[in-house]
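Chain residues, written in single-letter form:
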Amino acid sequence: MKPLRVRLAVLGLALLTGGLAAPAAPAAAEPAAPSPTVEERRLEGAVPQEILRRSGFDTVAPQFARSLDRARSFAQARRTVVREGTALWRRAVDRAQGRGPSGGDLSRDDDRPLYWARLGMARELRTWQPGFGLTEAQRARLLDELERTSRGQTAIRHPRGEGVRRILLTGFDPFTLDRDIRISNPSGATALALDGTVIETPDGPAHVETAVFPVRWRDFAEGAVERALRPHLPGVDLFTTVSQGRVGRFDLERTNGAWRGGFPDNENVSRTGTIPVTDPAAQPQWTTTTLPYAAVVAADTGPFPVYDNTAVTEIPAGGTAPVVRPDGPTPGSTARAGGGGDYLSNEIAYRATLLRDRLGLHDGLPGGHVHTPVLQFGAGNTDPATGAVTDPAFVRNRLDIIDQVREIVTVAISATERTRG
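Residues numbered from 1 in each chain as written. Predicted model: local features only at pLDDT ≥ 70, side-chain atom pairs only at ≥ 80, totals over all residues. Heavy atoms only, no water.

## Quick look at the sheet that holds strand β2 (residues 198-201)
Strand pairing in a sheet relies on backbone hydrogen bonds. The paired strands run either parallel or antiparallel. Strand order in the open sheet formed by 7 strands is β2-β3-β1-β4-β14-β5-β10, with mixed pairing between adjacent strands. This sheet does not close on itself; its edge strands, each paired only once, are β2 and β10 (306-309). If you compare each strand with its neighbour and ignore which way they point, the axes differ by 25 degrees on average. Note: β2 against strand β3 (residues 204-213), 4 bridges, orientation antiparallel. Paired with Thr201 across the strands is Gly204, a residue of β3. (Pairing = 2+ DSSP bridges. Helix = DSSP H or I, 4+ residues; strand = E, 2+ residues; numbered from the N terminus. Axes fitted to C-alpha atoms, helices over the stretch in contact; angles between N-to-C directions.)

What follows is the structure, encoded as structure tokens:
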């Protein structure tokens, strides 16, 4: 040990020369968890809470939060998200198809418990503050895993071998919720009702697999449709995207346009312009259905009329103003609306059929878009502020739509002969 005066001298020299290190700067704080999205904040309303409670899905988000809190690393958190997201999809499918407890008095055909429960899980994950470091990129990856697994997009499993035809069908979340937060989407309900089911046709059994997509522009721009469908289109015999369309009728959309019209999505975001896809230099303005629309329109599939919708809105070659064409686009025109409009239903139809074509499947794979009738509440239950979340006419309307989509698919697959190897 050095004498005291020597140590003091060394200390004084260090102070004079700045040799003592300055106090360490505090470590950079972990990025704050993002706030809930516009879509997630709607959960606070009385209607979503009632739907969750009356279906038994009100326990989903709290249980998920407890499972997340047990994770001690990103890898553990990812396993939790994949497990719980997959379980939510399976629970919603089972409920819709009559397996297991109903969880409450809300009818089993209802798609809304899945929608609101998923948003509850997403909100828990988005605002989660784990004890370990979680980067923004890692949180985004977890949210993506939750979206894909809870929508059935990672659970598409068609049987192998000969003798069974394979059908792929997609639906959508409820939308226009600021207009009426009670809204259900019959296309999403159809996806739950048909997932994993077998349709008996004159040519043998047909196995149906389904998935649901969000009503958000950003997910489509990020390639959610292509990522979900690309692995499966080469192996199916028929596909159809499904969404809610007009009151009192089904439409088989003949032509899809490469244009976004800007109507606000479920995050209240608008997007207007050409649909963004990879390889935009080779992007067509129009794609067409290869579903056997003539056979479907001619068949008796249910209580609603079914139309072969050929109308589009275009800017003609050399023109500047949009023109409605009842018989489809003219050569060289620029799309402003497909038969299914210029919203996300047109976009999923455009993306799925463009993917079909880019995979070289146009001539051998029947595929296109079906618009269902608008799902309506019963007479006297039309006020969003005071109306009930369900009623007998509402349930009957949804069941009729589900049944008719099943019949439309049955006619379509029966009218199709597979020409690909």
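That shown, we press on.
## A short note on the pattern of salt bridges
Here the idea is simple: oppositely charged side chains can pair when their charged atoms come close. The tally for this structure, following the rule as stated, stands at 33 salt bridges. The residue Asp110 makes a salt bridge to Arg112 at a minimum N-O spacing of 2.6 Å. Per residue, the accessibility class of Asp110 equals that of Arg112, and both read buried. Linking Arg325 and Glu314 is a salt bridge whose minimum nitrogen-to-oxygen distance equals 2.7 Å. Within this pair, whereas Arg325 is found in strand β12 (residues 323-325), its partner Glu314 is found in strand β11 (residues 312-315), the two being separated by 11 residues in sequence. Using a relative accessible area of 0% as the deciding quantity, one classes Glu314 as buried. (Salt bridge = Lys/Arg side-chain N within 4 Å of Asp/Glu carboxyl O. Buried < 20%, exposed > 50% of the residue type's maximum accessible area, 1.4 Å probe, protein only.)

## Describing unusual backbone geometry
Its identity is not glycine, yet Thr176 carries a phi of approximately 55 degrees, on the positive side. Take Thr176: it is sitting in the loop between β1 (165-172) and α8 (186-194). On the accessibility criterion, Thr176 (19% relative accessible area) is buried. One non-glycine residue, Asn268, lies in positive phi territory at about 60 degrees.

## Here we look at the sheet that holds β11
On the basis of which strands lie adjacent, the open sheet formed by 3 strands has the order β12-β11-β13 and antiparallel pairing. The open sheet has two free edges, formed respectively by β12 and β13 (334-337), since each of these has just one partner strand. Taking the axes of each pair of neighbouring strands and ignoring which way they run, one obtains an average angle of 45 degrees across the sheet. In this structure, β11 lies alongside β12, joined through 3 bridges in antiparallel fashion. Looking at β12, one finds that Thr313 is bridged to Val324.

## Here's the deal with the packing of helix α5 (residues 74-96) against helix α6 (residues 112-127)
Between α5 and α6, whose axes approach to 10 Å, the crossing angle comes to 170 degrees. Judged by the inter-axis angle, α5 sits roughly antiparallel to α6. In the packing of α5 onto α6, the handedness of the crossing is right-handed. Here α5 contributes Val81, Glu84, Gly85, Leu88, Trp89 and Ala92 to the contact with α6, which in turn contributes Leu114, Ala117, Arg118, Met121 and Leu125. Of the residues in the contact of α5 with α6, the class split is 8 nonpolar, 1 polar and 2 charged. (Parallel < 35°, antiparallel > 145°, perpendicular 65-115°, else oblique. Left-handed = near helix turned anticlockwise from the far one by under 90°. Contact = heavy atoms within 4.5 Å. Nonpolar A, V, L, I, M, F, W, Y, C, P; charged D, E, K, R; others polar.)

## Observations regarding the side chain of Glu267
Looking at where Glu267 falls in the secondary structure, it is placed in the loop between β7 (259-261) and β8 (272-274). Residue Glu267 is classed as buried on the basis of its relative accessible area, which comes to 15%. Of the polar contacts made by the side chain of Glu267, one reaches the side chain of Arg218; its length is 2.9 Å. Residues contacting Glu267, with those up to four places away along its chain left out, are Thr37, Val38, Glu39, Arg216 and Arg218. (Polar contact = N/O pair within 3.5 Å; in protein donor to acceptor, adjacent residues only side chain to side chain.)

## Thoughts on the environment of Arg260
Looking at the element boundaries, Arg260 is found in strand β7. Sequence separation between Arg260 and Pro202 is 58 residues; the distance between their C-alpha atoms is 40 Å. Those residues within four positions of Arg260 in sequence are excluded, and the remaining contacts are Trp217, Phe220, Ala221, Arg271, Thr272, Gly273, Ile275, Pro276, Asp342, Glu347 and Arg351.

## With respect to the packing of aromatic side chains
According to the stated counting rule, one finds 9 aromatic pairs in the structure shown. When the centroid spacing of 6.4 Å and the interplanar angle of 70 degrees are considered together, the rings of Phe213 and Phe220 count as edge-to-face. Residues Phe250 and Phe304 carry aromatic rings whose centres are separated by 6.1 Å and whose planes lie at 65 degrees to one another, so their mutual orientation is edge-to-face. With a gap of 54 residues between them, Phe250 in strand β5 (residues 250-253) and Phe304 in the loop between α11 (293-298) and β10 connect regions that are remote in the sequence. There is no split in this pair, since Phe250 and Phe304 are both buried. The aromatic ring of Phe57 is capped on one face by Arg91, whose charged end is 4.4 Å from the ring centroid. Positioned above the aromatic ring of Phe377, the side-chain terminus of Arg182 is 3.9 Å from the ring centre. (Phe/Tyr/Trp six-rings, centres within 6.5 Å; stacked < 30°, edge-to-face > 60°. Lys NZ or Arg CZ within 6 Å of the ring centre and 35° of its normal.)

## Observations concerning the confidence of the model for the chain
Averaged over all residues, the pLDDT of the chain is 92; the fraction at 70 or higher stands at 91%. Every residue in residues 1-28 is under pLDDT 50, and counting partners more than four places away or in other chains gives 6 contacts. (pLDDT = per-residue confidence, 0-100.)

## Side note on helix α7 (residues 136-150)
If you check α7, its first and last C-alpha atoms are 21 Å apart, about what 15 residues at 1.5 Å a residue would give, namely 21 Å. Among all positions of α7, only Arg139, Leu142, Leu143, Glu145, Leu146, Glu147, Thr149 and Ser150 are buried. With its phi angle positive at about 80 degrees, Gly152 sits one or two positions after the end of α7. (Expected span 1.5 Å × (residues − 1).)

## Things to note about the pairing of strand β4 (residues 238-244)
Among the 7 residues that make up β4, 7 are buried, leaving the element largely enclosed by the rest of the structure. Here β4 shows a buried face lined by Leu238, Thr240, Val242 and Gln244 and a second buried face lined by Phe239, Thr241 and Ser243. Where β1 meets β4, 4 bridges bridge the pair, whose relative direction is parallel. Counted as the bridge partner of Leu169 is Thr240 from β4. Here 6 bridges tie β4 to strand β14 (residues 367-372), and the two strands are oriented parallel to one another. When the sheet's bridge partners are listed, Ser243 is paired in β14 with His371.

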